[in-house]
Amino acid sequence: MTVEIPGTQAPAEPADTRQVIRPYGDTTGDGMVQMSFTLPIPAGRRADAAALQLAGKMGLDPASVVHAKPMGPHFTFFIVYGRVGHLIDYASIPVPEEREYPLLTAKEVNLAIRRALNRRLVVVGACIGTDAHTVGIDAILNVKGFAGEKGLEYYREIQVVNMGAQVTVAELVERAKAEDADAVLVSQVVTQRNAHLHNTKQMAAAFHAEYPTAVAAGMGRPLLVVGGPRFDTVTEQDLGVDRIFGKGTTPAEVAAYIVHALLPGESLAGGGRGDPAPDGSAPDEDDRDEGEHDR
């Protein structure tokens, strides 16, 4: 028997800290999702039935084929729309680690390089293997840049060598050595059969073999950086590179990382974006005079 003491209250139930969410399609919380895939079968009603069976096994119920397109005589591309019953506790998902280095303005990058090297920092970039998609490497290197940020060619203290597309690993290593490169940037957009992973491993192995006595990046060999849309399943250690950048990476992130990795004492000297400059003044967002090359 429980005896209640007058004036006391039972302990409060612990608060529910969950943040349960589900997919949104037509209305909030309806659990509707859209997915696409290709099956190795000719287009037609039987193919549609196969797509629906696959969707059902993946947990979509009900599901419908909203788009089917032949991809040659023996393949069909599908878009399927349906409801899933899965829930996500968003509150239980850990917050990803923050960037371990501060973003720097072009002026701060230039100052750090000039102060530490007293010469221009050399960056060699390329798309290797059969990859002919230069959109990624151009977004980082070309003056026009990406997402409102100018590329590394804009930085006065960075010398950029853009080798373009379909560069062999041997050609990249040879050019990097000839230019005495501080950093090598490789873009890989083509991912069929994991070509991006195979090419990157081959590239990294070639550089490590070419610089056998190197201690680390900047200490006997160039910094090895790779970027592309489907590197999220591997780590730098898996590929033998120093840094992997994914989709949405901007030139400023790459420039700041290069300073952080090669000139670690300088990466914090200028402060992060929006932090006071070394003289106490606010960083200048318009670094045109500092960034433009002499042409």
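Remember, predicted model here, so these are calculated numbers, not experimental data.

Enquirer: Which parts of the structure should I look at to understand helix α5 (residues 195-210)?
Expert: Residue pairs three or four apart in sequence face the same way in an α-helix, which turns once every 3.6 residues. Between its first and last C-alpha atoms α5 spans 22 Å; for 16 residues at 1.5 Å apiece the expected length is 22 Å, and the two agree. Taken together, the buried positions of α5 are H196, L197, N199, T200, M203, A204 and F207. End-on, the buried residues of α5 take up no more than an arc of 165°, which puts them together on one face. Turned more than 90 degrees off the buried face of α5, the exposed positions are H198 and A209.

Enquirer: Any chance you could explain unusual backbone geometry here in plain terms?
Expert: Glycine aside, the phi torsion of most residues is negative, and most peptide linkages are trans. A cis amide bond links D61 to the next residue, P62, at an omega of -5°. With respect to the element layout, P62 can be found in the loop between α1 (45-57) and β3 (63-70). One non-glycine residue with positive phi stands out, namely D180, at about 55°. On the secondary structure map, D180 appears in the loop between α4 (169-179) and β8 (183-187). Under the relative-accessibility criterion, D180 is labelled exposed at 60%. We note that R193 has phi near 55°; this positive angle belongs to a residue other than glycine. By secondary structure assignment, the location of R193 is in the loop between β8 and α5.

Enquirer: Whenever I open this one, the packing of aromatic side chains confuses me. Can you help?
Expert: Given two aromatic rings, their pairing is described by the distance between the two centres and the angle made by the two planes. As enumerated under the stated definition, the model contains five aromatic pairs in all. Relative to Y257, the ring of F245 has its centre 5.8 Å away and its plane inclined at 80°; by these criteria the two rings are edge-to-face. Of this pair, F245 sits in strand β12 (residues 243-245) while Y257 is found in helix α7 (residues 251-262), placing the two residues twelve residues apart along the sequence. When sorted by exposure, F245 lands in the same class as Y257, which is buried. The rings of Y101, F245 and Y257 are connected pair by pair, giving a single aromatic cluster. Positioned above the aromatic ring of Y101, the side-chain terminus of R99 is 5.8 Å from the ring centre. Positioned over the ring face of Y211 is K177, at 5.6 Å from the centre of the ring.

Thresholds applied
- Residues numbered from 1 in each chain as written.
- Predicted model: local features only at pLDDT ≥ 70, side-chain atom pairs only at ≥ 80, totals over all residues.
- Heavy atoms only, no water.
- Helix = DSSP H or I, 4+ residues; strand = E, 2+ residues; numbered from the N terminus.
- Expected span 1.5 Å × (residues − 1).
- Buried < 20%, exposed > 50% of the residue type's maximum accessible area, 1.4 Å probe, protein only.
- Arc of directions from axis to C-beta.
- Phe/Tyr/Trp six-rings, centres within 6.5 Å; stacked < 30°, edge-to-face > 60°.
- Lys NZ or Arg CZ within 6 Å of the ring centre and 35° of its normal.

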